[in-house]
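Working through the structure, step by step
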Amino acid sequence: AQSVSQHNHHVILSEAASLELGCNYSYGGTVNLFWYVQYPGQHLQLLLKYFSGDPLVKGIKGFEAEFIKSKFSFNLRKPSVQWSDTAEYFCAVNKGFQKLVFGTGTRLLVSP
Amino acid sequence: NAGVTQTPKFRILKIGQSMTLQCTQDMNHNYMYWYRQDPGMGLKLIYYSVGAGITDKGEVPNGYNVSRSTTEDFPLRLELAAPSQTSVYFCATTGTSRNEQFFGPGTRLTVL
């Protein structure tokens, strides 16, 4: 079965530290890639998405992600995190018209 | 526009009771989805619909039923509640399967 792996389940950082969250998927061929964020007590919101073109994608709030096809990866990055980035982050993948498959999520805690 | 609304926000059920989780969208989207979110497990797809009158099973459909009589509404029915159905339920919608999914605020369900 197709799967999405997020290897970091919990990440703790200090403010201003750099962030990189890993995401790997098992699909072959052309895929659509997403990162969603869920702030405490809220619903999921889209951070960024990749369909095609430039593999470095910029999203909201200073986040970016790089698609590396050879590694089946779509890692999320932010150069300098803020306390307000404390949230759970989900990677999601789909292929063509198929349904989205979500990773298990990474809980990020940013200490002030 | 309200986007995606879900009711109720919270509910406690006894084992064997039934209930319907409501989901309504005013975005005129064809695709609608029901997910459950459990700690450390990410989001699992329960059912989805690609348009009024069309529904299909997702990854974890057992114990649930859906209907889609209109574009706007996609209710999720639990017939015989079980403790394993304790979860947070999210409804989502998208215009096409490639686009971002817009999520509702969620329903937190506890079955005792």
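Keep in mind the model is a prediction, meaning the values are calculated, not measured.

Comments concerning the nonpolar core
Residues and elements named next belong to chain A. Of all hydrophobic cores here, the largest spans 29 residues; its most connected members are Trp 35, Leu 48, Phe 74, Leu 76 and Tyr 89. When residues of this core are traced back to their parent elements, those giving at least two are strand 2 (10-14), strand 3 (19-21), strand 5 (32-38), strand 6 (45-50), strand 8 (64-68), strand 9 (73-78), strand 10 (87-94) and strand 12 (106-111). In terms of residue count, the dominant contributor to this core is strand 10 (4 residues). Other than its neighbours up to four places away in sequence, Leu 48 contacts Leu 33, Phe 34, Trp 35, Val 57, Lys 58, Gly 59, Phe 63, Glu 64, Ala 65, Phe 74 and Leu 76.

A short note on the state of the cysteines
According to the stated counting rule, one finds 2 disulfides over all chains in the structure shown. Paired by a disulfide, A:Cys23 and A:Cys91 hold their sulfur atoms 1.9 Å apart. Between A:Cys23 and A:Cys91, the disulfide has an S-S torsion of -65 degrees and is therefore left-handed. Placement of A:Cys23 in the loop between strand 3 and strand 4 (24-25) and of A:Cys91 in strand 10 is noted, with a sequence separation of 68 residues between them. Take A:Cys91: its relative accessible area is 0%, and that puts it in the buried class. Between the sulfur of B:Cys23 and that of B:Cys91 lies a disulfide, 1.9 Å long from S to S. One disulfide, between B:Cys23 and B:Cys91, carries an S-S torsion of -70 degrees and so falls in the left-handed class.

Remarks on the packing of aromatic side chains
For the coordinates displayed, the defined rule picks out 15 aromatic pairs over all chains. Ring plane angle 80 degrees and centroid distance 5.6 Å describe the contact between A:Tyr36 and B:Phe103, whose orientation is recorded as edge-to-face. With A:Tyr36 in strand 5 and B:Phe103 in strand 10 (residues 102-103), the pair connects residues from two separate chains. Each member of the pair, A:Tyr36 as well as B:Phe103, carries the same accessibility label: buried.

Overview of the layout of surface pockets
Where empty space is left in the structure can be found by rolling a water-sized probe over the atoms. What the largest pocket holds in volume is close to 600 Å³. Lining the largest pocket are 30 residues, with A:Gln38, A:Gly41, B:Gln37, B:Val88 and B:Arg108 positioned closest to its centre. Contributions of two or more residues to the lining of the largest pocket are made by strand 10 and strand 12 of chain A together with strand 4 (31-38), strand 9 (87-94) and strand 11 (107-111) of chain B. Residue contributions to the lining of the largest pocket peak at 4 residues, all from strand 11 of chain B. By residue class, the composition of the lining of the largest pocket is 11 nonpolar, 14 polar and 5 charged.

So, unusual backbone geometry
For the bond from B:Thr7 to B:Pro8, the omega torsion is -10 degrees, close enough to zero to count as cis. Among the secondary structure elements, B:Pro8 is positioned in the loop between strand 1 (4-7) and strand 2 (10-13). Non-glycine residue A:Ala16 carries a positive phi angle of around 85 degrees. Take A:Ala16: it is sitting in the loop between strand 2 and strand 3. Residue classification places A:Ala16 among the exposed residues on the basis of a relative accessible area of 54%. Phi is positive for A:Phe72, close to 50 degrees, though the residue is something other than glycine. Within the secondary structure, A:Phe72 sits in the loop between strand 8 and strand 9.

Section: the pairing of strand 4 of chain B
Residue and element names in this part refer to chain B. The buried count for strand 4 comes to 8 of 8 residues, which makes it a mostly enclosed element. Every second residue of strand 4 is oriented toward a common face, with Tyr 31, Tyr 33, Tyr 35 and Gln 37 on one face and Met 32, Trp 34, Arg 36 and Asp 38 on the other, all of them buried. When strand 4 meets strand 5 (residues 42-51), the two strands line up antiparallel, connected through 7 bridges. Among the inter-strand pairings, Trp 34 is bridged to a residue of strand 5, identified as Tyr 47. What sits between strand 4 and strand 5 in their antiparallel hairpin is a turn of 3 residues, with Gly 40 showing a positive phi close to 75 degrees.

Reading the values: rules and limits
- Residues numbered from 1 in each chain as written.
- Chains lettered and ligands numbered in written order.
- Predicted model: local features only at pLDDT ≥ 70, side-chain atom pairs only at ≥ 80, totals over all residues.
- Heavy atoms only, no water.
- Core = buried A, V, L, I, M, F, W, Y, C linked by side-chain atoms within 4.5 Å.
- Buried < 20%, exposed > 50% of the residue type's maximum accessible area, 1.4 Å probe, protein only.
- Helix = DSSP H or I, 4+ residues; strand = E, 2+ residues; numbered from the N terminus.
- Contact = heavy atoms within 4.5 Å.
- Disulfide = S-S within 2.5 Å.
- Phe/Tyr/Trp six-rings, centres within 6.5 Å; stacked < 30°, edge-to-face > 60°.
- 1 Å grid on protein atoms, 1.4 Å probe; cavity = no way out; pocket = protein on both sides within 12 Å on 5 of 7 lines; lining within 4 Å.
- Points joined across faces, edges and corners; volume = space filled by probe spheres on them.
- Nonpolar A, V, L, I, M, F, W, Y, C, P; charged D, E, K, R; others polar.
- Pairing = 2+ DSSP bridges.

Keep in mind these numbers describe shape, not what the thing actually does.
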